[in-house]
Structures are given as structure tokens and as C-alpha cells.
Amino acid sequence: MNLGGNNDSTQRIRWITFGLLFGLALLLLVMDLTRGVEGAFAFIRNPIAALMDWTAGRTDAYADALAGPRDLQLAGVQIEQLRQENDMLRRELEALREVQAENQILREYFDYVSLNPTLDRVLASVIARDTSPSFRSLIIDKGILDGVVVGMPVESTRGLVGIIYRSSSRSSQVLLLTDNTSSVAARLGESRATGVLQGGGLGSTLLMDWITLEAPVTIGDLVLTSGLGGKYPADIPIGRIIDVQRSEAALFQQAIVQPAVDFNNLEAVFVITNFDPVDTTIFDELPGQ
Amino acid sequence: MGLSLYLALPVMVILLIIQTSVLPRFPLWGVVPQLMLLAAVAWGLLEGLEEGALWGFVAGILSDLFSITPVGLSALAFMSAVIVVALLYRTLPINRFVLPVILSLVATLIWLFVYLLLLRLMGFSSSWQQISDLPRLLLVHGGLVLPFYWFFYGLLKALRPRPIEV
């Protein structure tokens, strides 16, 4: 009976286990930050994503059944059709309002402007949400094999959703507009003043910053992508202004924007596949470098 | 520990799918609980430090694979939380009802603190949303840990051979 010896060896095994686990976690952390093992992660991610896809489909059906009439399948289909039609009409209405405001400028570019830009879109289902409480992202069921790659803009029938952050063969991760790290060059529909939309903060609202003090900003104004920065196509609806923060002491005014998209109940999105983001990394370098 | 790993993987994959694909459509009191953290905590309380750390590691890696978070970060936060509460559990008198609930709350606080700290250190900004959700998350975790704890307790009892009296 050598209890002391056993205790020592137990302690040793314990510390070795902790060391190995913490060491492995740190190693994976470094390797992920250097994007060295993306292939291996995708190998694990893909089969689980397929299971998530299956589960999300059943969950959506169940959730829809709970939300609507329980006994009429036909009614469910009709509701879904009407909902989509309603979304499309809302978007058309917003587009028409936008056209009204832009009429003067569009006169010069009349031949150039089209309400339905020639953008190719891939329809994708939302299969999971981010596991982290710190980030706002979605996982969709389309990946590299469907032509979806990192950097592609993502929208829904209601407006802009986000951007493809990570992509594997059969699934992709979409960084939402409401995420802390998200920023989008935006402009107001009426006054055409530009600003930068940032995610984060309480609730699901967005903050539009860097709007000049001279620009008239009113509650209810439509906010769209400006196309500046080259990350997103111009004129995709984002949301409407619900509050304006203006101080004469400040150089710029800010506005709180309610996104047009309900991110909590998003089931399908469109990935814009033929928009080429402009490479602006050349401007990151300092002169003389 | 070998058997534990084979058990941890399917359990965590199932919980991951529920957490990411089901619960966002049916949030509990407006929040999505960290089911994998609760499972690791419950297992750690029943089976000790090393086993808890291993389950925390598996939970963290799987969690990060489906998040923007760099892979490994949640594993560090989960393991820290589970190890601390498993250590506390050993020093306190055995109680299978109140103690798991209290320790799940402690684990949630430690996990969130370590997680936000590591995110900060790595240059990520964090949202205030989770701070405002914290009281509800604590209550939901406190309510959910007991089913996990008792399920694993029953599972371990069923899996382990009973001593035979001769």
C-alpha cells in the first residue's frame, strides 16, 4: 500500500493531461489564426454541417407548424407564398421610394441604372447560428462547390444580410451586419449623405456613423449600401433610421438604424456570386513601403 | 479516459446540433444556453478534473468550429471553467441538488470572463448583448444543469459493473 506513490503518479498524470489539453488548444489557436489547418477543420465541419442541415429543415417545419394553422398543410404553403410575396412587394416599394428620391441624379444616368441589377444569386438555406454569444454569424448550406467563396455579399428578399466570412466545400459562414466586427459603407436614400454602418451594441440595431452635420437626417429615412469601399454592390436596402444623435459640438452626427432583415428568423438568403469586391489592400500600405 | 472520449464526441455533436440548429428557433427565455458547457460541467463534477477538462476541450473545439471565434479559444475558456468548479466540488460536502446548480452558475461566469478576456487579448471586440443577457443565461443554466447531471449520473451507474458480494 504505497498511497503516497499512487498520489504522486495521479498528480503527475493530472498535470500532464492538463498540459496536453491546454497546449493542444493553444496550438490549434495559433494554427487557426495562421489559417494553416482550414482543410482539416472543414473535414470535421462538413459532416456535422450536413446533420445540421437536416435538423434545421425539420426544426423550421416544426416551428412554422407551431406558428401557423396546425392542421392545414396547404394553408402553411399559402402563408409562406404570401410572406414571400409580401417581402418582395415591400422591397419593390422601398426601391420605388428610392427611385423617387434619386430621380434628379438618375436622369443623367438613366440608361445605366436598372432596378434589378444583373447580379447572379445563389439561394442558400440557413442551417445553423453562431455558437458564440460574442459574434453574429450564420451557417448556410452552400459552399465552394456551389460557387460560394469568401468575400461574397449576402442578401435576403428584405435587404443586405452580411458577407461570406469562411467557406468550405458544402457550407459557408456568413458574418452578419449586426456583428461587432462588421462595417458597411452606407448612404441615406433621401439626402444621399454617406456614412459607415457598424454592428454591435444592444439589441439588433446598427449604428450609422460619420454622417456630416449638414446632411438632413430624419427618422424613417431609408439606408442603402453606397458601394464605397468595393465590398458590397451599391443600392441594396439595409434598413430605416429610428433615431438620430446630433450634437453641435461633434463633427459628425450618428443615427440608429433598424435593419430591414429579421436576422433571428432568417431561413434563406441569396449569395451574390458575380460581384467582384475591389481589392483595396494596396491603400493599406504606407507611402514608400 | 478512452471510453470517456468516445462518449464525449457523440454527446457533444448532438448538443452542438441542438444548440445551433434547434434552440435558436426556440430560445429558452430569450437566450440560447451553452449546452456543451453544461454537459462538460456535469461530467466534471461526477468524474473529476481530468475527465471534465477533456469534455471541456472537446466541447470548446466543436463550438469554435461553428463560430467566428478562433478554434481553441472556447476550449481554453470551457476547460478553465470546468476545472475550477470540479476543484470546488471536491472541497465541498456532497450534494446532488443545490451544489451542481450553484457550480453551474460559477462555471458560466468563469467561462464568460475567460472567453471575453481572451477575445480582448486577441484583438476582438465583444458585444454588450451577452452582458445584458447574462442574468437570464445564468437562470437558464441553473435550471438545465440538473437534467444533465442526473442523466450522466444514471448513465455512469448503468455502465459501471456493480461490486459483487461473495
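These numbers were taken from a predicted model, which means no experiment stands behind them.

## Here's the deal with the overall build of chain A
When helices and strands are counted, chain A shows 3 helices and 12 strands. The buried share among the 289 residues of chain A stands at 40%. Across chain A, contacts joining residues at least 24 apart in sequence account for 60% of those joining residues at least 6 apart. Roughly 16300 Å² of accessible area belongs to chain A as shown, and the carbon and sulfur atoms make up 59% of that amount.

## Side note on the pattern of salt bridges
One pass over the full model with this rule turns up 11 salt bridges over all chains. For A:E267, the salt bridge is made with B:R25, and the minimal N-O distance between the two is 3.4 Å. Separated into two different chains, A:E267 in the loop between β11 (252-259) and β12 (268-272) and B:R25 in the loop between α1 (2-22) and α2 (35-47) make up a pair that spans both. We classify A:E267 as partly exposed; its relative accessible area is 25%.

## Focus: the packing of α2(B) against helix α5 (residues 98-121) of chain B
All names here are of chain B. Two numbers describe how α2 lies on α5: the axes approach to 10 Å, and their chain directions differ by 125°. Classified by the angle their axes make, α2 and α5 are oblique. Judged by the twist between their axes, the crossing of α2 over α5 is right-handed. Taking contact as the criterion, the partners of L37, L38, V41 and L45 in α2 are, on α5, P100, L103, S104, A107, T108 and W111. Of the residues belonging to the contact of α2 with α5, the class tally is 8 nonpolar, 2 polar and no charged.

## Comments concerning the side chain of B:T108
Residues and elements named next belong to chain B. When you line up the elements, T108 lands in helix α5. Relative accessible area serves as the criterion here: at 0%, T108 is assigned to the buried category. Aside from chain neighbours lying at most four places away, what touches T108 is L37, L137, L138 and H141.

## Quick notes on the sheet that holds strand β5 (residues 172-176) of chain A
All names here are of chain A. Around the barrel, which closes on itself, the 6 strands sit in the order β1-β2-β5-β4-β3-β12 with antiparallel pairing between neighbours. For this sheet, the mean inter-axis angle between neighbouring strands, taken without regard to orientation, is 45°. Strand direction decides the pairing type here: strand β1 (residues 121-129) and β12, joined by 5 bridges, are antiparallel. Bridging across to β12, L123 finds its partner in F270.

## Some points on the interface of chain B and chain A
It is common to give the size of an interface as the accessible area that goes away when the parts come together. Every contact between the two is made by 49 residues of chain B and, on the other side, 51 residues of chain A. Of the roughly 4300 Å² buried between chain B and chain A, counting both surfaces, carbon and sulfur atoms make up 68%. Three residues stand out in chain B for area buried against chain A, namely B:R25, B:F66 and B:I68, and they jointly supply 20% of the buried area on that side. Taken together, the connections running from chain B to chain A amount to 3 salt bridges. Connecting chain B to chain A are 15 residue pairs in polar contact (both at pLDDT 80 or more).

## Let's talk about the packing of aromatic side chains
Residues and elements named next belong to chain B. Counted by the stated rule, this structure contains 14 aromatic pairs over all chains. Geometrically, the ring pair formed by Y149 and W150 is edge-to-face, given 6.1 Å between the ring centres and 80° between the ring planes. We classify W150 as partly exposed; its relative accessible area is 32%. Members of the aromatic cluster, connected to one another through ring pairs, are W43, W55, F148, F151 and F152.

## Description of the confidence of the model for chain B
All names here are of chain B. The predicted model of chain B has a mean per-residue pLDDT of 89, with 93% of residues at 70 or higher. Put simply, α1 is where chain B has its lowest mean pLDDT, 88, and α2 is where it has its highest, 94. Among the prediction metrics, the complex's ipTM stands at 0.85, with pTM recorded as 0.71.

Basis of the calculations
Residues numbered from 1 in each chain as written. Chains lettered and ligands numbered in written order. Predicted model: local features only at pLDDT ≥ 70, side-chain atom pairs only at ≥ 80, totals over all residues. Heavy atoms only, no water. Helix = DSSP H or I, 4+ residues; strand = E, 2+ residues; numbered from the N terminus. Buried < 20%, exposed > 50% of the residue type's maximum accessible area, 1.4 Å probe, protein only. Contact = heavy atoms within 4.5 Å. Areas by Shrake-Rupley, 256 points an atom, 1.4 Å probe, with all protein chains shown as cover. Salt bridge = Lys/Arg side-chain N within 4 Å of Asp/Glu carboxyl O. Axes fitted to C-alpha atoms, helices over the stretch in contact; angles between N-to-C directions. Parallel < 35°, antiparallel > 145°, perpendicular 65-115°, else oblique. Left-handed = near helix turned anticlockwise from the far one by under 90°. Nonpolar A, V, L, I, M, F, W, Y, C, P; charged D, E, K, R; others polar. Pairing = 2+ DSSP bridges. Buried area = accessible area lost by both parts, 1.4 Å probe. Polar contact = N/O pair within 3.5 Å; in protein donor to acceptor, adjacent residues only side chain to side chain. Phe/Tyr/Trp six-rings, centres within 6.5 Å; stacked < 30°, edge-to-face > 60°. pLDDT = per-residue confidence, 0-100.

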